[in-house]
Amino acid sequence: MPAAFFPTGVCGQRLHVRFEKGPRTMVAEVVEGVGTLIQLRDRTLLLTDGVQDPGTWDWVVDLNPYKKNSFIQDKYLNFTLLSAHNGLQQKFFGRDWLENDIQIIGDSGGAQLKTGSAEYVDPSKVIDWYNSVVDIGMALDVPPRPVDQGDSEVLRALAAAQYKNNKVMLARKNERVKLMQCMHGYTLEQQREWGQRQQQEGFHGWSIGADNYASDLASLQSVLVARELGDKWSPRALHYHLFGVSGSSRVPAVAWLGRYLPTFTTDSTGYLSAVRTRTMNLLGLDGMLDAVAVGETSTLLPGTPIPCSCEVCRAVGYWEVYKLPSNHGTSSLLAMHNVFTLAQYTQFWNDQAQEKTYEEYYALVKQLWRKSRGETDTLIEYVEFAIQHGLDEANIKFKGMLGADPQRHRMPKLFGDSGDGVSAKNAMLNLTQ
């Protein structure tokens, strides 16, 4: 699912198309109070925030996926991720903008404590924002930094801070909102202990931050730990979410893991990163994802049709529209194309994971990725082995690839054997110093 996907910005525009007799030379101008007007060889485009007279246009594409009959939501978009940190800063409240059944997941803003961009996040404000906007919200965690991984006192305090925030959020949430716990820890032992310390009634799943781990295998391990804990906690179907799955090589492994989870979602801002580098993602017939430069370094010839069937590209027609300077507002067109393509790519691998046996799926990945694509096949092998034989056996077999071997690094137990730890306030201060 796309992250940072507020119904403003890249989601807030409309693309109007009028077909003309050609050929004509491309001309683009920003018309104050109207929008960006683009003349192409066989069509005129108008990109605007407002609604134009529909009678003067042959086709209007609403880029907002939260509207009824959205071209992307109907096919591929079931969830999106919004940040409470950004939502509160923008004073973004309510659900009047939502006209379809997309599920809104809320990120609590705990990452801002880790990065130092916030010194304190109020759990009351986060849950009040959840009650106003989202369907599913993450617990307000205080994530450890890599430097904290060997400090039992800090880790104990961070876990206590999350537990304390959980109590506040559970007491204030409304009946509509579901809450998900957050998993942390750098080793299997630490993750299990963290999870045991967060056992509270009222949560419906687990969220895991992929950037907190030393390797891709370690992040998949954390999801499997959450699954292990979830099976013990409750017989009901749980929701699992892995933050920040960027890079196309990780998707096949995550899709295979999703085969064993009742509901498994991931998010990415890759669609925006590609816009910043003027890169178009294209899906091949074999299911592989290609990146095509459309900026100044592009070798595509003007007037070349875009080899993509998404509604945005069919309306735009020609790739040079994506090359226009950012002040023309056309970045939203490329962003929405990339969202559509990445969703298609993820759906392709989800379908393959659900339909094929392990042997068939593994062979497909080996065939498509080949040896130049790194450890994609090993990630799938790790997931399947852990499901069949348990995490302890899997970690013995794959310990060289986990990046955080508890024996090699001599990491302490997460919580130690005694003491109550420092206060939640001091734990937060430790992260901002």
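Rules and cut-offs
Residues numbered from 1 in each chain as written. Predicted model: local features only at pLDDT ≥ 70, side-chain atom pairs only at ≥ 80, totals over all residues. Heavy atoms only, no water. Helix = DSSP H or I, 4+ residues; strand = E, 2+ residues; numbered from the N terminus. Buried < 20%, exposed > 50% of the residue type's maximum accessible area, 1.4 Å probe, protein only. Contact = heavy atoms within 4.5 Å. Areas by Shrake-Rupley, 256 points an atom, 1.4 Å probe, with all protein chains shown as cover. Pairing = 2+ DSSP bridges. Phe/Tyr/Trp six-rings, centres within 6.5 Å; stacked < 30°, edge-to-face > 60°. Lys NZ or Arg CZ within 6 Å of the ring centre and 35° of its normal. Axes fitted to C-alpha atoms, helices over the stretch in contact; angles between N-to-C directions. Salt bridge = Lys/Arg side-chain N within 4 Å of Asp/Glu carboxyl O.

Examining the overall build of the protein chain
A count of helices and strands for the protein chain gives 15 helices and 14 strands. Counting only residues that meet the buried cut, the protein chain has 54% of its 433 residues in that class. Counting contacts in the protein chain only where the partners sit at least 6 residues apart, residues at least 24 apart contribute 72% of the total. Summed over all atoms, the accessible surface of the protein chain reaches about 19400 Å², with 48% contributed by carbon and sulfur.

A few points about the pairing of strand β5 (residues 59–62)
Here β5 shows a clear split, with Trp 59 and Val 61 buried on one side and none of Val 60 and Asp 62 buried on the other. As defined by bridge partners, strand β1 (residues 14–19) adjoins β5 across 4 bridges and the pair is classed as antiparallel. Bridge assignment links Arg 14 to a residue of β5, and that residue is Asp 62.

Concerning the packing of aromatic side chains
Per the stated rule, a full pass over the model turns up 13 aromatic pairs. Relative to Trp 97, the ring of Phe 92 lies with its centre 5.5 Å away and its plane at 45 degrees, an arrangement referred to as tilted. Comparing Phe 92 with Trp 97 shows no difference in burial state: the two are buried. Both rings, one in Trp 129 and one in Tyr 130, keep their centres 6.3 Å apart while their planes meet at 55 degrees; by these two values the pair is tilted. An identical accessibility class is assigned to Trp 129 and Tyr 130; each is buried. Clustering of aromatic rings is evident, with ring pairs tying together Trp 256, Tyr 260, Phe 348, Trp 349, Tyr 358, Tyr 361 and Tyr 362. Against the face of Trp 57 rests Arg 18, its NZ or CZ located 4.4 Å from the ring centre.

Brief notes about the sheet that holds strand β2 (residues 27–31)
Spatial strand order, β2-β3-β4-β1-β5: 5 strands in an open sheet with antiparallel pairing. Each having just a single partner strand, β2 and β5 make up the two edges of the open sheet. The average angle at which neighbouring strand axes cross in this sheet is 15 degrees, direction not considered.

Re the pattern of salt bridges
Tallied over the entire structure, the rule returns 11 salt bridges. Here Arg 14 ties to Asp 62 by a salt bridge, and the two come within 3.7 Å at their closest N and O atoms. One end of the pair, Arg 14, is in strand β1; the other, Asp 62, is in strand β5, and 48 residues separate them in sequence. Residue class for Asp 62 comes out partly exposed when judged on its relative accessible area of 24%. Taking the shortest distance from any N to any O, the salt bridge between Arg 172 and Asp 128 comes out at 2.7 Å. Remark: Asp 128 occurs in helix α3 (residues 123–133) and Arg 172 occurs in helix α4 (residues 152–172); sequence separation between them is 44 residues.

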